[in-house]
Amino acid sequence: MTEPTVNEDQNPLTQPKFIISAVVVAIIVALGIILALVPRGGGTSSPEPSTTSTSTSSGQPTATSAASICGLPSGDQDKPATAPTDTKWELIGKIAAPTSPAQFGPGKTDANGLRSCFAHSPTGALYAGANMIVLGSSGRPDLLAQHLVVEGPERDKMLSEPPTSAPTTAPFQIAGYKVVDYSGDRAVIEYGLTAANASVGSVPVAMQWQGGDWKWVLPATGMAEARQLSDLNGFISWAGA
C-alpha cells in the first residue's frame with residue numbers, strides 16, 4: 001500500500017525543532033527527531049545494546065546486579081502488554097513524562113531537573129526510556145550524559161556539547177510504546193510519538209542496567225534509527241498529553 005505524501009515544509013517531525021541532534025545519539029538538541037521518510041515497517045531494526053548483559057537465561061535480573069540505587073523493588077519481570085494503569089504524567093517543559101516514584105520511577109528527582117532511579121524490570125525500563133527522551137528535550141542533555149548514558153565516545157561527545165535551550169512549544173508527545181526486547185539487564189523499547197499537526201513517528205531507546213539504574217546505550221553510528229509512520233498501529237497506547 002502506498003504511503004501518503006508528506007509535506008516536509010509543514011511537518012514538525014522533519015523540522016529542526018523535532019531533531020534528535022548530536023547531543024543524544026548525536027541527537028537531542030531540542031529533541032526533535034529527524035524521522036527518516038521510509039515506509040511504515042521499513043528501515044532497519046531497533047538497535048541492541050552493545051554492552052554485555054549479566055542477566056540469567058530466564059530474563060531475570062542477576063541477584064548481584066538487581067539492586068536499585070534508591071531501593072525500588074524489581075517487581076514483575078513480565079513485559080507490560082497493556083499500559084500501566086496507575087501512570088501519572090508530569091510536564092517537563094512542554095512535554096509530558098510518566099512518573100511512578102514508589103514503584104517504577106523516577107525514584108529521584110533532583111533540583112537541577114535530573115530524573116533517575118528506575119525499577120529493574122521491563123516496566124521500569126519503559127519509564128526510564130520515556131524520561132530520558134523527555135529530559136533530553138528539556139534543554140539539559142548534559143544531565144543525561146553525566147548520569148544516564150553508558151560510558152563511551154558517544155557519551156563523551158554529549159558532554160562536549162554546549163547547553164541548549166528548551167523549546168518554547170512541544171515538538172512532540174509520547175503516545176505509545178513497544179517492548180522490542182528485554183532480557184533482565186538490557187532492554188530495547190520503541191516509543192510512538194505525535195507532533196502538534198498529528199504527524200506520527202517512532203524512535204527506539206536501547207538501555208543497559210548499570211550501576212543500579214537504567215542507562216541509555218547510544219548507537220555507535222551517532223544517528224537515531226527514527227522513522228516516520230502513517231499511524232501508530234501496533235503500539236500500546238500510553239500518553240499523558
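Preceding this paragraph is the structure being described.
Below you will find a few notes about this structure. None of these values were measured; they are calculated from a predicted model. (Residues numbered from 1 in each chain as written. Predicted model: local features only at pLDDT ≥ 70, side-chain atom pairs only at ≥ 80, totals over all residues. Heavy atoms only, no water.)

1. A few points about the nonpolar core
When a protein is soluble and globular, its nonpolar side chains tend to lie buried together.
Okay, step 1: One finds Y191, M207 and W214 to be the most contacted residues of the largest nonpolar core, which totals 40 residues.
Okay, step 2: Sorting elements by how many residues they give to this core places helix α1 (residues 122–137) first, with 9 residues. (Core = buried A, V, L, I, M, F, W, Y, C linked by side-chain atoms within 4.5 Å. Buried < 20%, exposed > 50% of the residue type's maximum accessible area, 1.4 Å probe, protein only. Helix = DSSP H or I, 4+ residues; strand = E, 2+ residues; numbered from the N terminus.)

2. Comments concerning the pairing of strand β8 (residues 186–194)
Okay, step 1: Among the 9 residues in β8, 7 count as buried, and that is most of the element.
Okay, step 2: In terms of strand pairing, strand β7 (residues 173–182) meets β8 through 8 bridges, oriented antiparallel. Counterpart to K178 in the pairing with β8 is E190.
Okay, step 3: A loop of 3 residues connects β7 with β8, the two strands running antiparallel in sequence, and G184 in this loop sits at a positive phi of about 85°.
Okay, step 4: Here β8 runs beside strand β9 (residues 200–210); their pairing, made up of 9 bridges, is antiparallel. Paired with E190 across the two strands is P204, which belongs to β9. (Pairing = 2+ DSSP bridges.)

3. Notes on the pattern of salt bridges
Okay, step 1: Under the definition given, this model contains 3 salt bridges.
Okay, step 2: Of the charged contacts in the structure, one is a salt bridge between R186 and D181, with a shortest N-O distance of 3.6 Å.
Okay, step 3: A residue is classified by how much of its surface remains accessible, and D181, at 17% relative accessible area, is buried.
Okay, step 4: E190 is the salt-bridge partner of R227, the closest N and O atoms lying 3.5 Å from each other. (Salt bridge = Lys/Arg side-chain N within 4 Å of Asp/Glu carboxyl O.)

4. Section: the state of the cysteines
Okay, step 1: All chains considered together, the criterion is met by 1 disulfide.
Okay, step 2: Each disulfide pairs two cysteine sulfurs, and for C70 the partner residue is C117, the sulfurs being separated by 1.9 Å. Negative torsions about the S-S bond denote left-handed disulfides, and the value of about -85° found for C70 with C117 makes this one left-handed. With C70 in the loop between β2 (28–32) and β3 (88–92) and C117 in the loop between β6 (115–116) and α1, this residue pair connects regions lying 47 residues apart in the sequence.
Okay, step 3: For C70, a relative accessible area of 31% translates into the label partly exposed.
Okay, step 4: Given the relative accessible area of 0%, C117 is considered buried. (Disulfide = S-S within 2.5 Å.)

5. As for the packing of aromatic side chains
Okay, step 1: Following the criterion strictly, the structure yields 6 aromatic pairs and no others.
Okay, step 2: Ring plane angle 70° and centroid distance 5.4 Å describe the contact between Y127 and W238, whose orientation is recorded as edge-to-face. Taken together, the positions of Y127 in helix α1 and W238 in the segment after β12 (236–237) put the pair 111 residues apart, joining distant regions of the chain.
Okay, step 3: By way of ring pairs, the aromatic residues W89, F104, Y127, Y177 and W238 are connected into one cluster.
Okay, step 4: Between K178 and the ring centre of F235, over which it is positioned, the NZ or CZ distance is 4.5 Å. (Phe/Tyr/Trp six-rings, centres within 6.5 Å; stacked < 30°, edge-to-face > 60°. Lys NZ or Arg CZ within 6 Å of the ring centre and 35° of its normal.)

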